[in-house]
Each structure stands twice: as C-alpha cells, then as structure tokens.
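What follows is each chain in one-letter form.
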Amino acid sequence: MAFNHLPACVHDALAPLSVKPVTHSVPMAKNLRPDRYPPDPASRPSPGAVLSRLASGPSRSARITHTEHLPPRAGRHAVWPDRIRSEVVAAVEACGIEHPWAHQARAAEHALDGDSVVVATGTASGKSLAYLVPVLSALLDGSEAPNGRGATALYLSPTKALAADQCRAVRELAAPLGTAVRAAVYDGDTPFEEREWVRQHANYVLTNPDMLHRGILPAHPRWSSFLKSLKYVVIDECHTYRGVFGSHVAQVLRRLRRLCARYGSSPVFLLASATSAEPAVSAGRLTGLPVVEVADDASPRGELVFALWEPPLTELHGEKGAPVRRTATAETADLLTDLAVQGVRSVAFVRSRRGAELISVIAQERLAEVDRSLARRVAAYRGGYLPEERRALERALHSGELLGLAATTALELGVDVSGLDAVLISGYPGTRASLWQQAGRAGRSGQGALAVLVARDDPLDTYLVHHPEALFDRPVESTVLDPDNPYVLAPHLCAAAAEIPLTEADLDLFGPATAELLPQLEAAKLLRRRTRAWHWTRRERAADLTDIRGEGGPPVQVVEEGTGHLLGTVDAGSAHSTVHEGAVHLHQGRTYLVRSLDLKHSVALVERADPPYSTVARDTTSISVLETDTEIPWGAGRLCYGSVEVTNQVVSFLRRRLITGEVMGETKLDLPPRTLRTRAVWWTVTEDQLDQAGISPEILGGSLHAAEHASIGMLPLFATCDRWDIGGVSVPHHPDTLLPTVFVYDGHPGGAGFAERAFHTARSWLTATREAIASCECDAGCPSCIQSPKCGNGNDPLHKRGAVRLLGVLLRGAAGTAEEAGPQPGGDRVSE
C-alpha cells in the first residue's frame, strides 16, 4: 500500500507461496529434445497437439475446465500515404513488408494530418510500424533542414526492457537511412558519459515516464533544442497507464506539453494500446488532447487455442481446515517443464517476483532430472534485477538460448520475442486487457499459439475458469485514471512551477482542481505568488516530491550483509511486509534471510540461508469516514462512496513449513503504522435485515468478513484493478455509520478510481460475489471463495453461509433501486 508517499508538507497542503516441488505427475517425454524441435513454424505441432500432450492422462485432462478456439483471420492490406518518404517505404519493404495493414496506413494518415491518434488493435498487429513510419519520415525530412537539428521524436514506454527492445527495432529498420535517424535510449541505465551525446545529437529518444518526470523536464534548458523541434510523442502500451500511475503520467504529459509550447512546438501524440473499451476517451484523458482512434484490426492472426486450467484439490488442509488446491505456482512450473522438454518455446507470466523465482527453480530441478543441460535453458525475469542481468536474459530469450522463462509483467509489455509458441498465465492478471496482452506474446511469427490460464486458489480465478463467458464473451475494460486527484496534481504543480513559473494561463492545462490547490500550496509555503505567477520556493528538487509509480518513496535496496553486494530492490510500499526482519527473500533461485530493515536509509540487509519455511506478514487495519460524497438506499441498507482514512500496521509474521503450509510460529514486529487518505465504497445493513437473513450476533463478524474478502477478490472483473490495488475492512458496528459495515478502498493516496467504479457497478459486482461464494464446492469456506492470501487476521473469523445470506438480503434491497448502467468491466500490495 502506498502510504505516506508524499512529503508531510504536501500532505499538509492536501499470500504466501508455500509449496515445495512435488513429484511430477506425468512422465516427461524424454525422447523429445529441443534441438530436434522443428524451427520452421509451419512444421511445428499445432497448439491443440501441444495442449493434448500437456493434458495426457486422466488426472491432467480433468483440470481443463474450458478450451476456447480462436480461428485464424486473414489480413487486409492498404498502401502507405503518398506523403511518406519513399526511402522509408523502401526500408520497410527491405524488412519483408510489402504492404501495410489497413489500420497501419490509416494511423499514419492521421499522424501526417497532425491528429493525435491511438492505435488500439491486438497483439502482434503491427502497432509499432503504424507510428514508426510517419516518425521516420519526419526525421528524414528534418535531416535535410538547412538550419538547426531538424525534427525530433520522443518515445515513452512503461518499462526499460520495452524501450531497449524498441531501440533495437528502430535501428534495424532505419539502417538504410544512415545518420538521418539517430535513435538512443535515455533512462536510468544509460551511462552518464552517453547522456550528453543523447541530449545533443539523438533525434529519436526512447525513455520512460519516470525519466521524463525526474530527468528531462526538470533539466529542460539542456533539452531546449530537442523540445523546440519535437514533432511526435509516441506513447507505447498506453493501456497500462491506469490508476494512480496513469494519473501521474497524465500530469507529466501536461508538463511536457507546456514546455514544448514554451519552446514553440506542439507535438502530435501517437499512442499504441492493446484493445480496450473507448480507447480515444482514455487516450484523451491521458494526454489532455482530442485523440482519434484506430481500432479496426486488419492484421492476420494465427490459430489461438486458449485453455482454462484448474489445479486439483490436494489432501492438505489450510487455515480453519479448509481444503487446499495445488498452487498455481507448482502447476505452472510443471507445465513449463513439460513444454521445455517438448522444445516448445514458452513464457510463464507470474503475478509476483517470488512466484517467478519459485517457478524457475522448480522447473530447473525437474529438467535436470531429464537432461542437466536443459536446466540452464529456463530462467526467471522480474523487476528488481540489475540492468546487466535484465539485458542478458532479454538477449538469451531473443536468440532462443532460453526455452522457458518465468516472468513478471516486466516482460509483458510488448517486448517482441518472435518464435514463442506458448504462454502460461499463472493466475488471472487482473484485467482482460492484460490477459490478452500476455496471451498475445506467443504466435508473433504467424504460427498457431497456445495460451493456458492456470487458476489460483482465489475467488475470482475460480469464478472465471467455471464462467468462461466472463473472459471470452465480454469486451476488454475501459482504462480508469483520475488526473484531478489532488494527491497526484499537487506535486506536479510544484514541479511545473519549478520548471517555469505557473500563470493563470496554465489553469486549463492542468485541470479544474488547479485553482483550488494553488492557494493550499501557497499556504504550505511550497509555492509563492509574485505578481501574476506562482514560483517554487524551495532548494530541493520539486520533481522529487512524488514517485509517479505510487510506490511510497525510494525503493529499498536489498544488500548481502557479508559482501555488501547489491542484490536488487523492493518498492517501499511493500517493504514492511516483504523484507521485514526475519523475512525469507528469494533472488534468482537463491534464498536469503533478512537480518535487518533500515527504513531511514531504505536498506534491507540479508544473508544466504536455506530455511525450511516461508514467511507471511500479518497486519492490522482500521478505517474512519472523512466525508460521504454519495449514498443511495438499498432497502433499509445503504450504499455509499466517499473519502476515508486508513491506518495500517504490520505487527508480526508467520513461519510456514514449505511442504504442508503448517504454521511453525509467529514473531512480533515493531514497525511504524502508516496512514492513507483515499476513496472508498461501503455498504451497511440494519438489525432488521440481519434478522431477515437469520444472522445472529455470533456469526455477524464472520459473515461480514467473508463478504469483504470475496468482494475484493471479484472487483477486478468490474474495474481495471488488481486485488493488490485495493483493500477492505469489515466491522460489526462501525463508529461512523453506527451499523454493520463493509468497506472496500483504493490502496493509493487520494484514490485511483477503482472504488468509484465499484460504486457504479455495485449490483452486478456484489451479485457475482454472492454467486462465487454460493457455488463453491467447499463446506465452510476456502481460498477459492472467502479466504484471502493477504488477510491480516489470519482469515478469522469467516462464515461462508452467513456471507451468502447477508449479500442476499442486501441485494434484495438493491432490487428496488434504479438499474445501474450495467457492468463496466475493468500496483501494489495493500492490507485488508
């Protein structure tokens, strides 16, 4: 949870993985070797055949709950606009592309007309070429300008890996154009001796919003010639800019537009997105400009076989004796092993860094049983690795040296890995847009592809694998972001004032909340008004006031105590729960114990160890209502939306045996509490409603708690959030409402838009929640319905049947209200 991510002065102005590798359930095909696997896509086995091998045997086949077959699709060609330079067209043709797809030509036409445009088409549909062709044509025109450096272009991606990958692609495509195109990456990994060359000579700069915010905009005088000539701004994977991160990026882009206007340029924005609902609306909210959308995908597509896979129940029992399914981590590791043995080039996407490490380790052990050389052909890839480690893994995946990779979403966003045949998705990634984005990593060379969603023991995952229509018959989500969030806007107003003093002419650019915030920033002595402008008053850098990722401050460095070697980093928001003293930390397959956590200096000291347990943090959370913005009656109960303050404290951690998950003991921790002012949706019920539902005082707490857990688990189906972006609290008698109350809140200062979406879709959301609980096959509640992996109370108390009755009586009251506008389908860890 991103608590206290802003300095006090700005505030004043405003589950654990516990499965050890088990014996492989299906004998692996030892006669199959990757070096015998046909390199020609046309001669490779079909995705259906690969799935049949994975599902061979009765125990395996029963795990597939649904298979969706997406047939191949023919492409529709067009011609490039005649305004594109012939040299650029020739360079594209030299790469084997004789004619563009219709959507590529249409997007290029809009770019040439000076219209900001978003290309929202499927994975591997050639979005990169759609914006690269007009950009390269403009750079070639600019290289012939008699004076000055000519046109420039800026490329923004959410990850360093994607920027590096795109830079390689640009240089390859533009090689016939000579020195007319000078592409260079400018990010935190760029050596300082190269940065001056980039500023002075590069005309196509590839970076990320973080570097734009902290490095380029505050140093705009040194970038003046680049900004003066800026013709195009490319924003890749723009659907990822959602929630608080998206809101920050929206304000960074407004600061960029303001500086460009100061230097006399007005760049055209070219955005690329996975398919999404209302892409032009989302892109317009992100850039603050009118945007034209191109969403008719004219590219061909190979066959895609998409399987939903539910791990089996085990003989083990978890908290409160609940049945436990085999973990998605262990199941995915086995599938990745089988694919590697078959020579099927695959990526397994995993939701957590720890999960990626574990899958890699388990797969390596399995492969070593077949052929020791195979173990080296599977690895992990995640954020927090050092730059040289990331680059080496990317090269190995590109070359085919690696057969399998267990990766977090650090590799999801468009890194072009041609030749992948299969994608494993370990746990629903939170949105349908992300699901299709990850599935689309395979089959990028035109061959058929296999995608397998492996369900976690989680209410939403369980619901989805038994309700495939929720995945395959619904459109992808709209992107939710709120640039007017005062916790987002305030530090960017300070940063903008430090760049160039703010004037009243800037109010419209930064949004309607600006006029109200400026006096507050003056009162906090962050800004000072002189004549008609507001000036930054402090010596420190205004850009350092906020972390645009919303991660709660500078990352915590993980350092090996004996050697001083930097292993990697952990974001500040999750440090309390992941690298506290005594925590087990995984890095590249090695296990470490955290000896100390220095919050003041953001350093966690660790040492190598091999403990027979994992660790899970426990916390406490309380919530108070600050202001109720909207409330509607649901019978005698009420549904509300407004501002709240959440206080959270990590108080202890549990040690669990790796094999059984048995709790070995609990250790107290002394960590400071963190407070968060945010937005929440909440609902109340009355004593009469409880009597109607047959809920006695003895089971009330467990009923509310179970309904809270399940509703948090189901919300990502209706809002573009992840379970870890939101939190919840349930109270049998809340001091502010004076009634039994369940809260669900955004885990970011000022809110992220998720609770608001929950309020507007509450009937559909809570109806699906009730169905998910009622249809679960367990007796008293399990991780597939009401138990939560992040519960600070150890999933106690919980009452499954009480939750079903409670939601039933609440929804009967809602049936008498005006119908909502139907389901509006859709960071880091927060506490419940």
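**A word on the confidence of the model for the protein**
In this model, the protein carries an average pLDDT of 85, and 88% of its residues clear a pLDDT of 70 or more. Of the regions scoring below 50 in pLDDT, residues 1-39 engages in 123 contacts with residues more than four places distant in sequence or in other chains. Segment residues 818-832: pLDDT under 50, and 73 contacts once partners within four positions in sequence are set aside and those in other chains are kept.

**Some points on the packing of helix α6 (residues 127-143) against helix α7 (residues 160-174)**
Packing of α6 against α7 leaves a shortest axis separation of 12 Å and a crossing angle of 55 degrees. Put simply, α6 runs oblique to α7. Seen from above, α6 lies across α7 with right-handed handedness. On the side of α6, the interface is formed by S128, L129, Y131, L132 and L136, while α7 contributes Q166, V170, L173 and A174. Partitioned by chemical class, the residues of the contact of α6 with α7 number seven nonpolar, two polar and no charged.

**Points about the pattern of salt bridges**
Side chains that differ in charge, positive against negative, can pair when their charged atoms come close. Counted according to the given criterion, the structure contains 32 salt bridges. A salt bridge links D113 to R83; the shortest N-O distance between them is 2.7 Å. Residue D113 is found in the loop between α5 (102-112) and β2 (117-120), and its partner R83 is found in the loop between β1 (64-70) and α4 (86-94); the two are separated by 30 residues along the sequence. Residue classification places D113 among the partly exposed residues on the basis of a relative accessible area of 43%. Between D165 and R168 there is a salt bridge, with its nearest N and O atoms 3.4 Å apart. Taken as a pair, D165 and R168 lie in helix α7 at a separation of three residues, close to a single helical turn. On the basis of relative accessibility, which here comes to 5%, the residue D165 falls in the buried class. Residue R168 is classed as partly exposed on the basis of its relative accessible area, which comes to 36%. Connected via shared salt-bridge partners are R63, R326, E331, D334, R366 and E369.

**Some details on the sheet that holds strand β18 (residues 527-530)**
The antiparallel open sheet is built from three strands, whose spatial order is β17-β19-β18. Since the sheet does not close on itself, it has two edges, and those belong to β17 (502-503) and β18, each with one partner. One ladder, built from two bridges, connects β17 with strand β19 (residues 533-536); its direction is antiparallel. Each residue of the ladder has a partner; that of L502, found in β19, is W534. Here helix α22 (residues 514-523) sits on the sheet in contact with β17, β18 and β19, set at roughly 105 degrees to β18.

**Quick notes on the pairing of strand β24 (residues 603-608)**
Inspection of the sheet shows strand β20 (residues 556-560) paired to β24 by four bridges, in the parallel sense. Within the sheet, the bridge partner assigned to V558 lies in β24 and is A604. As paired elements, strand β23 (residues 590-598) and β24 share six bridges and run antiparallel to each other. Bridge pairing in β24 links L593 to E607. In sequence, β23 turns back onto β24 through a hairpin of four residues, with S602 there showing a positive phi of about 55 degrees.

**Side note on helix α28 (residues 800-814)**
Here α28 is 15 residues long and its end C-alpha atoms lie 21 Å apart, about the 21 Å a rise of 1.5 Å per residue gives. Within α28, twelve of the 15 residues are buried, leaving the element largely enclosed by the surrounding structure. Among the residues making up α28, those that are buried are K800, G802, A803, V804, L806, L807, G808, V809, L810, L811, G813 and A814. Elements in contact with the buried residues of α28: β25 (613-634), β28 (674-684), α24 (687-693), α25 (697-714) and α27 (762-775).

**Digging into empty space enclosed by the protein**
Estimated volume of the second largest cavity: approximately 60 Å³. Taken together, V118, C238, H239, Y241, S273, S276, P279, S282, A283, L286, T479 and L481 make up the full set of residues lining the second largest cavity. For the lining of the second largest cavity, the per-class residue count stands at seven nonpolar, five polar and no charged.

**Observations concerning the sheet that holds strand β14 (residues 404-407)**
One open sheet holds the seven strands; their spatial order is β1-β9-β16-β15-β12-β14-β13, and the pairing between them is mixed. Each of the sheet's edge strands pairs with one partner strand only, and the pair in question is β1 and β13 (378-381). Between one strand axis and the next, the sheet turns by 15 degrees as a mean value, whatever way the strands run. Where strand β12 (residues 346-350) and strand β15 (residues 422-426) come together, five bridges link them in parallel fashion. Note that in β15 the partner of V347 across the bridge is V423. Helix-sheet contacts for helix α17 (residues 432-439) involve β1, β9 (304-309), β12, β15 and β16 (449-454), and the interaxial angle to β15 is about 145 degrees.

**Digging into the environment of V423**
Within the secondary structure layout, V423 lies in strand β15. A relative accessible area of 0% means that V423 is categorised as buried. Between the C-alpha atom of V423 and that of R345, which follows or precedes it by 78 residues, the distance is 8.8 Å. Every residue in contact with V423, bar those within four places of it in the chain, is listed here: V347, F349, Q438, A439, R441, A442, L450, A451 and V452.

**Here we look at the environment of L739**
Among the secondary structure elements, L739 is positioned in the loop between β29 (726-731) and β30 (741-746). Through-space distance from the C-alpha of L739 to that of E687 is 8.2 Å; in sequence the pair is 52 residues apart.

**Section: the nonpolar core**
Generally speaking, nonpolar side chains in soluble globular proteins are found buried as a group. Membership of the largest hydrophobic core comes to 87 residues, with the highest contact counts inside it found for F306, W683, L715 and W765. If sequence neighbours within four positions are ignored, L715 has contacts with C721, I726, V744, F754, A758 and W765. Counting 41 residues, the second largest nonpolar core, distinct from the first, contains V88, Y131, V133 and L140.

**With respect to the environment of D796**
Structurally, the position occupied by D796 is in the loop between α27 and α28. Relative accessible area serves as the criterion here: at 41%, D796 is assigned to the partly exposed category. Spatially, the C-alpha atom of D796 lies 9.2 Å from that of G701, the residues being 95 residues apart in sequence.

**Digging into the pairing of β14**
Burial along β14 is two-sided: G404 and A406 and L405 and A407, pointing in opposite directions, are all buried. As judged from the four bridges shared by β12 and β14, these two strands associate in the parallel manner. Directly across from A348, in β14, lies its bridge partner A406. As paired strands, β13 and β14 are joined by four bridges and run parallel to one another. By the bridge assignment for β14, A380 is matched with A406.

**Considering the packing of aromatic side chains**
One pass over the full model with this rule turns up nine aromatic pairs. Judged by centre distance (6.3 Å) and plane angle (45 degrees), the ring pair of Y131 and Y155 falls under tilted. Separated by 24 residues along the polypeptide, Y131 in helix α6 and Y155 in strand β3 (residues 152-156) bring together distant segments of the chain. For Y131, a relative accessible area of 3% puts it in the buried group. According to the relative accessible area criterion, Y155 is buried, its value standing at 0%. Three or more aromatic residues joined by ring pairs form one cluster here, namely Y186, W223 and F226. Positioned above the aromatic ring of F192 is the side chain of R195, whose terminal nitrogen or guanidinium carbon lies 4.2 Å from the ring centre. The ring of Y613 has R655 lying over it, and the distance from NZ or CZ to the ring centre is 5.9 Å.

Each value, and the rule that gives it
Residues numbered from 1 in each chain as written. Predicted model: local features only at pLDDT ≥ 70, side-chain atom pairs only at ≥ 80, totals over all residues. Heavy atoms only, no water. pLDDT = per-residue confidence, 0-100. Contact = heavy atoms within 4.5 Å. Axes fitted to C-alpha atoms, helices over the stretch in contact; angles between N-to-C directions. Helix = DSSP H or I, 4+ residues; strand = E, 2+ residues; numbered from the N terminus. Parallel < 35°, antiparallel > 145°, perpendicular 65-115°, else oblique. Left-handed = near helix turned anticlockwise from the far one by under 90°. Nonpolar A, V, L, I, M, F, W, Y, C, P; charged D, E, K, R; others polar. Salt bridge = Lys/Arg side-chain N within 4 Å of Asp/Glu carboxyl O. Buried < 20%, exposed > 50% of the residue type's maximum accessible area, 1.4 Å probe, protein only. Pairing = 2+ DSSP bridges. Expected span 1.5 Å × (residues − 1). 1 Å grid on protein atoms, 1.4 Å probe; cavity = no way out; pocket = protein on both sides within 12 Å on 5 of 7 lines; lining within 4 Å. Points joined across faces, edges and corners; volume = space filled by probe spheres on them. Core = buried A, V, L, I, M, F, W, Y, C linked by side-chain atoms within 4.5 Å. Phe/Tyr/Trp six-rings, centres within 6.5 Å; stacked < 30°, edge-to-face > 60°. Lys NZ or Arg CZ within 6 Å of the ring centre and 35° of its normal.

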